[in-house]
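An overview of the molecular structure
Single-letter residue listing:
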Amino acid sequence: MWRRVASLSSSISSSFLAQTASRLNTWESLTTGIAQQAKGVIAPKEKTPFITFVLGGPGSGKGTQCIKIVETFGFAHLSAGDLLRREIASKSADGAMILNTIKEGKIVPSQVTVKLIQKEMELSDNHKFLIDGFPRTEENRVSFEQIIGVEPNVVLFFDCPEEEMVKRVLNRNEGRVDDNLETIKKRLTVFQALSLPVINYYSEKGKLYTIKAIGTEDEIFEQVRPIFAAFEQTVG
Ligand SMILES: Nc1ncnc2c1ncn2[C@@H]1O[C@H](COP(=O)(O)OP(=O)(O)O)[C@@H](O)[C@H]1O
Ligand SMILES: O=c1ccn([C@@H]2O[C@H](COP(=O)(O)OP(=O)(O)O)[C@@H](O)[C@H]2O)c(=O)[nH]1
Ligand SMILES: [Mg+2]
């Protein structure tokens, strides 16, 4: 749905989209409303978006569980880290800056990450999104709300002991520049200082679902499954 609108609205700036969306605060404002303006026709009613943020420390199992959620509940999986690594691989203008930031275990400027997420959402035909590994800071969170103009419906937090996260990352074997002891130590510090406040924010808003992220992948998924099963009727 976003793809069609994105192609129709190339002359309509994304800030206009964001302003319209945040004013009306509905997904339909981003889709049918703009489509009507662009084409002068009544567009079919679109589905309301369902956004899940998937949070947790490095190696807590976010990506692994996202694959299972996609298989079982048909979400689109947007990994912020994968989108950033794709920018590095494509040698885009921001590639070198992103690579250095990831090597240092720091956080890429919000504007860059949110634009990449926005593009993927626009290209997707799905209305159910798993946004994996984002937002990692309060600034990330605010930036998403301002640019995209919607809030998450559900926030998952994979709560895993540091010792286990370190062990998993060092065994990950995906050739990542940040899967080494020096970077992981920095990432754990960043997680405690910058990401935990985001998790606390959503806890206070009543949107947080905490998963005990130890045990087998299947055992952990049995904690995840009922969360999405409960929403299935309403989400579609
Ligand atoms: N429950 C689990 N038990 C043991 N290893 C796991 C478990 N879940 C994931 N892993 C492994 O740990 C590593 C990190 O998992 P990943 O899903 O990439 O975490 P994250 O995206 O949170 O960094 C991967 O090599 C993955 O195969
Ligand atoms: O919103 C994001 C997501 C990721 N990153 C960077 O990308 C790295 C890897 O993120 P990813 O989610 O892939 O790591 P994981 O938690 O899965 O190990 C992070 O340490 C950050 O440097 C970032 O800056 N902003
Ligand atoms: Mg991951």
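Values in this document were obtained by computation on a predicted structure and should not be read as measured data. (Residues numbered from 1 in each chain as written. Chains lettered and ligands numbered in written order. Predicted model: local features only at pLDDT ≥ 70, side-chain atom pairs only at ≥ 80, totals over all residues. Heavy atoms only, no water.)

**Observations regarding the pattern of salt bridges**
To keep it simple, the criterion reads: Salt bridge, as applied in this entry: a Lys or Arg side-chain nitrogen positioned within 4 Å of an Asp or Glu carboxyl oxygen. Helix numbering and strand numbering both begin at the N terminus, where a helix is a DSSP run of H or I of at least 4 residues and a strand a DSSP run of E of at least 2. The buried label goes to any residue with under 20% of its type's maximum accessible area, the exposed label to any with over 50%, and the partly exposed label to all in between, with areas taken from a 1.4 Å probe on protein chains only.
Scanning all chains against the criterion turns up 15 salt bridges. With a shortest N-O distance of 2.9 Å, arginine 141 and glutamate 138 are connected by a salt bridge. With arginine 141 and glutamate 138 both in helix H9 (residues 138-148) and 3 residues apart, the pair spans about one turn of that helix. A relative accessible area of 7% means that arginine 141 is categorised as buried. Note on glutamate 138: relative accessible area 29%, which makes it partly exposed. Linking glutamate 145 and arginine 141 is a salt bridge whose minimum nitrogen-to-oxygen distance equals 3.2 Å. Remark: arginine 141 and glutamate 145 occur in helix H9; sequence separation between them is 4 residues, near one turn of the helix. In this pair, the class of glutamate 145 matches that of arginine 141, namely buried. Ionic contacts of the salt-bridge type, sharing partners, join the residues Glu104, Glu182 and Lys186 into one network.

**A word on the UniProt feature "binding site: ATP" (unreviewed entry) in the protein chain**
Going by this rule: UniProt positions are given in the numbering used here, feature names are shortened, and annotations may be inferred rather than shown by experiment. Here a residue-residue contact requires only that any non-hydrogen atoms of the pair lie within 4.5 Å.
Within this structure's numbering, the places UniProt gives as "binding site: ATP" (unreviewed entry) are Gly59, Ser60, Gly61, Lys62, Gly63, Thr64, Arg172 and Gly215. Apart from residues lying up to four places away in sequence, glycine 59 is in contact with Met165, Arg168 and Val169. In this fold, glycine 61 is placed in the loop between strand S1 (50-56) and helix H5 (62-73).

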